[in-house]
Amino acid sequence: MLLSRHAEALYWAGRYLERAEATARMVAVHTELMLDLPRAAGVGWHPLLAVAGHGEDVLGLDVPTEEDVVGFLTADPANPGSVVASIARARANLRVVRVLLPDPCWEIANDLHARVGAAAALAADRRTRAGWIDQVAGGCQRLTGSLAGTMCDDDAYAFLLLGRYLERADMTTRVLDVQAGVLVGGGGNAAYGDVTWMSVLKSLSAHQMFRRSVGAGMSGPAALRFLLQDPRFPRSVEYCLSSAARALPQLPQAATPLAACATVRRLLLALEIDEDISPSALHALVDELQLGIGVLHDALAATWFRVVEPTPVVDREPEAAAVPAGGPAARAS
């Protein structure tokens, strides 16, 4: 039988590994967007902070520069949700369950942690940023693939999957929430809507699959339906929730988390995203989904980890399940 602390460590390892890759990809795609759009578009670097759950004042600067924002999101020691910190926390949690892991997976986790941390300064400079981010994304995918290819499909792997898919669903809703005005043509950058939409899809690794599924042309509502409701795309909210629903039944006492998952899936599938959807309506829809995902997380924690207070949706930095010294860490935010 899997120990509670092991289940929690596996869950957070899945979340932190997914968070590191998603944050790195988001920084890379936003860098490309800034090169594609003219200065008149008025797109700055603050949306990245918003997606990560931070206000513009988190850096203590009136007008944070590119280097300030990118440095904060990739390697700043003051940000426990940075790429480097997320990889370190993923490794710390995997260390707790090392006895459950195939040896090659632990070696990949160690190598990823060492390489990314040693070269973190490369993220700040545009000339070296892409190479560093490729190293992060490639390392995360290598570890994810090794875990998928060598771990038994049992309760330990189920908790890893639950962490991964809840983090993916959460990231997708956050990206859509922050970009709501532009995405449905209601923002000041509507003239650059196609470019911005392409950036959003790329940041979620969805651009090519969207083109393949929908065809030529860029429609905001069509992309929204794809990212939220497509059952075949691995990073859509529906795919993530349905995958979580498939993983839950193999765990003991899963009735409450299953009910929470079913509730948020019903809400998602009932959404009607038409051509006239407004930014405020999209924001309200995404808010409901984020609340539902938060309730699902709380159900998981209360059932298998420990009794917890409900996690606010705005809280981007949930506690790590474990630290190298053992035992739960304090909430990061």
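Coordinates for the structure precede this section.
As the structure is a prediction and not an experimental result, all values here were calculated from the model.

Caption draft 1: Fine view of the overall build of the protein chain. Along the protein chain, the regular secondary structure elements total 14 helices and zero strands. In the protein chain, the succession of α and β elements from N to C terminus is α-α-α-α-α-α-α-α-α-α-α-α-α-α. Expressed as a percentage of the 333 residues in the protein chain, the buried residues total 54%. Residue pairs in contact within the protein chain that sit at least 24 positions apart in sequence constitute 66% of those at least 6 positions apart. Within the structure as shown, the protein chain displays about 14300 Å² of accessible surface, and the carbon and sulfur contribution to it stands at 55%.

Caption draft 2: The arrangement of the packing of helix α12 (residues 237–247) against helix α13 (residues 255–269) in detail. Where α12 meets α13, the axes come as close as 10 Å, and the angle between the chain directions of the two elements is 155 degrees. Classified by the interaxial angle, the pair formed by α12 and α13 is roughly antiparallel. Crossing hand, α12 versus α13: left-handed. Mapping the contact onto sequence places Val 237, Glu 238, Leu 241, Ser 242, Ala 244 and Ala 245 in α12 and Leu 258, Cys 261, Val 264, Arg 265, Leu 268 and Leu 269 in α13. Looking at the contact of α12 with α13, its residues break down into nine nonpolar, one polar and two charged.

Caption draft 3: Layout of the pattern of salt bridges. One pass over the structure, following the stated rule, counts 13 salt bridges. Glu 21 is the partner of Arg 235 in a salt bridge, and the nearest nitrogen-oxygen pair spans 3.6 Å. Here Arg 235 is found in the loop between α11 (220–229) and α12, whereas its partner Glu 21 is found in helix α1 (residues 4–36), with 214 residues between them in sequence. Across this residue pair, the class does not change: Arg 235 and Glu 21 are buried. Here the residues in one salt-bridge network are Glu 18, Glu 21, Arg 25, Arg 168 and Arg 235, joined through shared partners.

Caption draft 4: Quick look at the packing of helix α4 (residues 83–96) against helix α6 (residues 126–150). With their axes 12 Å apart at the nearest point, α4 and α6 run at an angle of 20 degrees to one another. Accordingly, the angle class assigned to the pair α4 and α6 is roughly parallel. Viewed along their axes, α4 and α6 form a crossing whose handedness is left-handed. Facing α4, whose interface residues are Val 83, Val 84, Ile 87 and Leu 94, α6 presents Trp 132, Val 136 and Leu 143. Split into classes, the residues belonging to the contact of α4 with α6 amount to seven nonpolar, no polar and no charged.

Caption draft 5: A look at the side chain of Arg 91. Position of Arg 91 relative to the elements: it lies in helix α4. Although Arg 91 lies buried, it forms no salt bridge, and the closest oppositely charged side chain, Asp 111, sits 10 Å away as judged by the N-O distance. For Arg 91, the contacting residues outside a window of four places in its chain are Trp 106, Ala 109, Asn 110 and His 113.

Caption draft 6: Representation of helix α3 (residues 66–74) within the structure. All of the buried residues along α3 are Glu 66, Val 69, Val 70, Phe 72, Leu 73 and Thr 74. Where α3 is buried, its residues touch α1, α2 (46–51), α4 and α6.

Calculation criteria
Residues numbered from 1 in each chain as written. Predicted model: local features only at pLDDT ≥ 70, side-chain atom pairs only at ≥ 80, totals over all residues. Heavy atoms only, no water. Helix = DSSP H or I, 4+ residues; strand = E, 2+ residues; numbered from the N terminus. Buried < 20%, exposed > 50% of the residue type's maximum accessible area, 1.4 Å probe, protein only. Contact = heavy atoms within 4.5 Å. Areas by Shrake-Rupley, 256 points an atom, 1.4 Å probe, with all protein chains shown as cover. Axes fitted to C-alpha atoms, helices over the stretch in contact; angles between N-to-C directions. Parallel < 35°, antiparallel > 145°, perpendicular 65-115°, else oblique. Left-handed = near helix turned anticlockwise from the far one by under 90°. Nonpolar A, V, L, I, M, F, W, Y, C, P; charged D, E, K, R; others polar. Salt bridge = Lys/Arg side-chain N within 4 Å of Asp/Glu carboxyl O. Lys, Arg positive; Asp, Glu negative; His and termini not counted.

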